[in-house]
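Analysis of the macromolecular model
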Amino acid sequence: MKRSLTLSLLLGVTIFAADYSSVIEVPDAAKIIQEDLLPPMGVNKMPQGCVTSDSKAIARGSYMFHNLNGGNAKGQAPEGLSKKLPNGKDKQYGNCVACHNIEGAIGGGNIGPDLSGYTEIFVKTGVRDAEYVYQKIADPRIDNPHTNMTVNLTTKLFNEKEICEITSYILSTK
Amino acid sequence: MRKILQISLCVVLASSLSFASEQFAMSNADRAMYEELMENNPADMMLSNGSELLDALGGDAALAKYLGLSEDELPVYLAGFPRYIEKFKMVVSIDQMLQAFMHESGKKPYALKSSDMFDMSSYVKSIANEQPINIDIEANEHMKKAYALGKEVFNTRRGGRGLSCYNCHNPGVVGGILRTQPLPDISAKGNASAATWPAYRMTKSKLATLQKRFQGCMQNALLAVIPLGSPEMTALEVYFTHEAKGAVIALPGLKR
């Protein structure tokens, strides 16, 4: 796991002649990047009772799937889901539709596989199960260290409950 | 003084529109606006402002002299930025070089993020119009290091969604659709980012430099935004510029 940028490399480039340091702007970014790095993947077991047919939970999952963030999402957020974080900033959602098509997607992308008819096509055929879906969303490096997909639990973008809601939405009949 | 590149510009833009999945690229209204702006890129005005700002410092001639070049040598030299400049003991982009030039001309340097600096540095890069990008990452240890750092920054997963630049800008996903936008090929000859930025960004109604565009992707993809001119930003520019090596500079670009 590449946990740190090669520090020696950073230092090597940062050193410059003192005479120009007050003239040419060379702000530091190494620290910003260091603090922003993706942590290694943890063990992401699907919690008990994760997948549900509760329509309210599925509505929240759907909303997080289809929207980018609370500031940009149209309409009211479903019951139990906020558009803002406690600190007043917009809550980020999954924006999954940027890369995936699914039932009712508006402008669905094709960077990731089409998730339409997921249960019929992938689960009933024994190719995938709920545990896989949960783990893939939590941290897609689970079966592909070079994945282009977003990381959702390790980054703390979502908590376990929210990942369960998104999983439930994907597995639901739409 | 400034070469206007209507014809070559049109070729570049036409090719950038011909993505496999072009129906996704723009709404009809946006496309109509784009075609209109192609006739008359608003960034032309900003570059003429930049040209005037440089004139106040003695113009192209004074800049060439400052760099120890003849005016004829200036375009080819500028097509090689970012470059290591011995006097500064670091790899710099054009805007940083201009900060030193301003200082040594007895003026207070514009801040990197100021619109005057965007205008002036964009104008100065456009002096290299029609030149192929000739950055040399093997020129010395500093350039080698900057390239390596740029590549590392490009490939580093970070931020709220754990993405790297590479995740959206790799050969496997180029042309794929990300929320209705085709992912651009950042090294396609003739559409190479480093040869077409600074550009007028239609959706922002602003002139933006390549580094500013990097910040845009960082913001959108939830990577912590790093400051213009930081060694990591300059290194990213080195990386992108090397990817576009050989591509003919055609500025200002016009982007969605």
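Residues numbered from 1 in each chain as written. Chains lettered and ligands numbered in written order. Predicted model: local features only at pLDDT ≥ 70, side-chain atom pairs only at ≥ 80, totals over all residues. Heavy atoms only, no water.

All names here are of chain B. In contact at an axis separation of 11 Å, helix α5 (residues 59–66) and helix α7 (residues 94–104) are set at 100 degrees when each is read in the N-to-C sense. Taken together, the axes of α5 and α7 are roughly perpendicular relative to one another. Contacts between α5 and α7 pair Ala62, Leu63 and Tyr66 from the former with Met97, Leu98, Ala100, Phe101 and Glu104 from the latter. (Axes fitted to C-alpha atoms, helices over the stretch in contact; angles between N-to-C directions. Helix = DSSP H or I, 4+ residues; strand = E, 2+ residues; numbered from the N terminus. Parallel < 35°, antiparallel > 145°, perpendicular 65-115°, else oblique. Contact = heavy atoms within 4.5 Å.)

Turning our attention to a positive patch on the surface. All names here are of chain B. Taken together, Lys113, Lys204, Lys206 and Lys212 make up a surface patch of like positive charges. Here lysine 212 shows up in helix α12 (residues 210–220). Judged by relative accessible area, which is 38%, lysine 212 ranks as partly exposed. (Patch = residues over 30% accessible without salt bridge, like charges linked within 9 Å, V, L, I, M, F, W, Y side chains within 5 Å. Areas by Shrake-Rupley, 256 points an atom, 1.4 Å probe, with all protein chains shown as cover. Salt bridge = Lys/Arg side-chain N within 4 Å of Asp/Glu carboxyl O. Lys, Arg positive; Asp, Glu negative; His and termini not counted. Charge placed at Lys NZ, Arg CZ, Asp CG, Glu CD. Buried < 20%, exposed > 50% of the residue type's maximum accessible area, 1.4 Å probe, protein only.)

Let's shift gears to the sheet that holds strand β6 (residues 206–208) of chain B. Residues and elements named next belong to chain B. With respect to topology, three strands assemble into an open sheet ordered β6-β5-β7, the strand pairing being mixed. Among the strands making up the open sheet, the edge pair consists of β6 and β7 (253–255). Across the sheet, the mean angle separating the axes of adjacent strands is 35 degrees when strand polarity is ignored. (Pairing = 2+ DSSP bridges.)

With that settled, the discussion passes to the state of the cysteines. This model, assessed by the stated rule, comprises one disulfide over all chains. Here Cys99(A) is not disulfide-linked; the sulfur of Cys168(B) is the nearest cysteine sulfur, at 6.4 Å. Cys165(B) carries a free sulfur, and the closest cysteine sulfur to it, the one in Cys217(B), is 7.5 Å from it. (Disulfide = S-S within 2.5 Å.)

A word on unusual backbone geometry. Going from Trp197(B) to Pro198(B), the amide bond is cis rather than trans, its omega being 5 degrees. On the secondary structure map, Pro198(B) appears in the loop between α11 (193–196) and β5 (199–201). In this structure, the amide linkage connecting Leu251(B) to the following residue, Pro252(B), adopts the cis form with an omega of 0 degrees. Unlike most non-glycine residues, Asn95(A) shows phi in positive territory, near 55 degrees. Along the chain, the position of Asn95(A) falls in the loop between α4 (55–66) and α5 (118–123). Asn95(A) sits in the buried class, given a relative accessible area of 16%. A positive phi angle, close to 50 degrees, is found at Ser205(B), a residue other than glycine. Here Ser205(B) lies in the loop between β5 and β6.

Now for the environment of Pro82(B). Residues and elements named next belong to chain B. Assignment of secondary structure puts proline 82 in the loop between α6 (74–78) and β1 (83–85). You can call proline 82 buried: its relative accessible area is 0%. Along the sequence, proline 82 and methionine 38 sit 44 residues apart, while their C-alpha atoms lie 28 Å from each other. Aside from chain neighbours lying at most four places away, what touches proline 82 is Val91, Val92, Ser93, Ile135, Met143, Thr234, Glu237, Val238 and Thr241.

Turning our attention to the pattern of salt bridges. All names here are of chain A. Evaluated as defined, the whole model comprises 16 salt bridges over all chains. Here lysine 45 ties to glutamate 131 by a salt bridge, and the two come within 3.9 Å at their closest N and O atoms. Linking lysine 45 in the loop between α3 (30–36) and α4 with glutamate 131 in helix α6 (residues 130–138), this pair joins segments that are 86 residues apart in sequence. Looking at glutamate 131, the relative accessible area reads 22%, which means it is partly exposed.

Here we take up the confidence of the model for chain B. All names here are of chain B. Mean pLDDT over chain B works out to 86, with 85% of the residues at or above the 70 mark. Here residues 1–24 is a poorly scored stretch, pLDDT under 50, and it has 46 contacts once near neighbours within four places are set aside; other chains count. Interface confidence in the predicted complex, given as ipTM, is 0.91; pTM for the same model is 0.89. (pLDDT = per-residue confidence, 0-100.)

Moving on, we get to α5(B). Residue and element names in this part refer to chain B. Within α5, burial applies to Gly59, Asp60, Leu63, Ala64 and Tyr66. Considered in projection along α5, the buried side chains sweep an arc of 160 degrees and stay on one side of the axis. In the stretch just after α5, glycine 68 is the one whose phi turns positive, near 75 degrees. (Arc of directions from axis to C-beta.)

Attention now moves to the interface of chain B and chain A. Taken together, the 49 residues of chain B in the interface contact 49 residues of chain A. In total, about 4000 Å² of surface goes out of reach between chain B and chain A, with carbon and sulfur atoms giving 62% of it. One can count one salt bridge joining chain B with chain A. The salt bridge involving Asp36(A) is made with Arg158(B); its shortest N-O contact spans 2.7 Å. Linking chain B with chain A are 20 residue pairs in polar contact (both at pLDDT 80 or more), by the criterion used here. Among the elements that take part in the side of chain B that touches chain A, helix α9 (residues 141–155) of chain B stands out by supplying six residues, more than any other. Of the residues that constitute the side of chain B that touches chain A, the class distribution is 25 nonpolar, 14 polar and ten charged. (Buried area = accessible area lost by both parts, 1.4 Å probe. Polar contact = N/O pair within 3.5 Å; in protein donor to acceptor, adjacent residues only side chain to side chain. Nonpolar A, V, L, I, M, F, W, Y, C, P; charged D, E, K, R; others polar.)

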